[in-house]
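Here is what each chain is made of, one letter per residue.
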Amino acid sequence: MNCQDFREKMFLYPEVDEEFFTHLRNCDECRREFEEFLEIEKKLKEKVNEEDEIVREWDRVYIKVLNTLRYEKIKRQVYIFILLLLEVFIFSLVFIIGYRLVRFFIQNPSLFVLTLKSLFQIFSQFNFYLFVILLLVFIYQTTKLHGKYK
Ligand SMILES: [Zn+2]
């Protein structure tokens, strides 16, 4: 086996025959070449392993993100369900109260007029109460500011 043959067979390593090792033992130059080849191969393997590690890491992150998204989706569905229940509950409550009020006023028509009058009174006084509350808030804020800059 000559050096040319050896270098061609080198790339088939470790599937080589006895002749290959015989040349390796006897030729210094080819031995150096072969050692370099092994070194490069080792580095390539390490690089492939590193990339595998990156792929695995990415898989982990991906699964985590996916799980988070699933969790958020379930959470949203639960929220929507609770909101729907709440809506049904409030609607039923309004319906029941409305029905009872209508039935009550049908049985007592004179009370209906009286209630309307009272409501009108309350609403006309509402502006006054609003004014008083705003005035109190204004006084509170002013005294607080005053105390702050004293
Ligand atoms: Zn050689």
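Residues numbered from 1 in each chain as written. Predicted model: local features only at pLDDT ≥ 70, side-chain atom pairs only at ≥ 80, totals over all residues. Heavy atoms only, no water.

## So, the coordination of the zinc ion
The expected angle between donors at a tetrahedral four-coordinate metal is 109.5 degrees. At an octahedral six-coordinate metal it is 90 or 180 degrees. Protein-derived coordination of the zinc ion comes from Cys-3 (SG), His-23 (NE2), Cys-27 (SG) and Cys-30 (SG), at a distance range of 2.1 to 2.4 Å. Around the zinc ion sit four donor atoms; with metal-centred angles ranging over 98 to 116 degrees, the donor geometry is tetrahedral. Read in sequence order, the donor residues coordinating the zinc ion give the pattern C-x19-H-x3-C-x2-C. Using a relative accessible area of 12% as the deciding quantity, one classes His-23 as buried. (Donors = N, O, S within 2.8 Å, 3.2 Å for Na, K, Ca; no water. Tetrahedral: all angles 85-135°; square planar, octahedral: opposite > 155°, others 65-115°. Buried < 20%, exposed > 50% of the residue type's maximum accessible area, 1.4 Å probe, protein only.)

## A short note on the UniProt feature "transmembrane region" (unreviewed entry) in the protein
UniProt records the feature "transmembrane region" (unreviewed entry) for residues 78-99 and 119-140 in the present numbering. Overall, residues 78-99 shows 100% helix and 0% strand. The separation of its end C-alpha atoms is 31 Å. Helix and strand shares over residues 119-140 are 100% and 0% respectively, and the end C-alpha atoms of the span are 31 Å apart. (UniProt positions renumbered as here; feature names shortened; annotations may be inferred. Helix = DSSP H or I, 4+ residues; strand = E, 2+ residues; numbered from the N terminus.)

## Focus: the nonpolar core
Phe-6, Met-10, Val-16, Phe-20, Leu-24, Cys-27, Cys-30, Phe-34 and Phe-37 form the largest nonpolar core, which has nine residues in total. Going through the elements one at a time, α1 (3-10), α2 (18-26) and α3 (28-107) are the ones with two or more residues in this core. Top contributing element to this core by residue count: α3, with three residues. With near-sequence residues (within four places) excluded, Met-10 lies in contact with Phe-20, Glu-33, Phe-34 and Phe-37. (Core = buried A, V, L, I, M, F, W, Y, C linked by side-chain atoms within 4.5 Å. Contact = heavy atoms within 4.5 Å.)

## A closer look at the packing of aromatic side chains
Inspection of every chain in the model, using the stated rule, returns twelve aromatic pairs. Between Phe-104 and Phe-105, the ring centres sit 5.5 Å apart and the planes meet at 65 degrees, which makes this aromatic pair edge-to-face. Geometrically, the ring pair formed by Phe-128 and Tyr-129 is tilted, given 6.0 Å between the ring centres and 55 degrees between the ring planes. Put simply, the rings of Phe-6, Phe-11, Tyr-13, Phe-20, Phe-21, Phe-34 and Phe-37 pair up and form one aromatic cluster. (Phe/Tyr/Trp six-rings, centres within 6.5 Å; stacked < 30°, edge-to-face > 60°.)

## Details of the packing of α1 against α2
Between α1 and α2, whose axes approach to 10 Å, the crossing angle comes to 120 degrees. Comparing the axis directions of α1 and α2 gives the class oblique. For α1 against α2, the interelement crossing comes out left-handed. Taken together, the residues of α2 that come into contact with α1 (itself represented by Cys-3, Phe-6, Lys-9 and Met-10) are Phe-20, His-23 and Leu-24. (Axes fitted to C-alpha atoms, helices over the stretch in contact; angles between N-to-C directions. Parallel < 35°, antiparallel > 145°, perpendicular 65-115°, else oblique. Left-handed = near helix turned anticlockwise from the far one by under 90°.)

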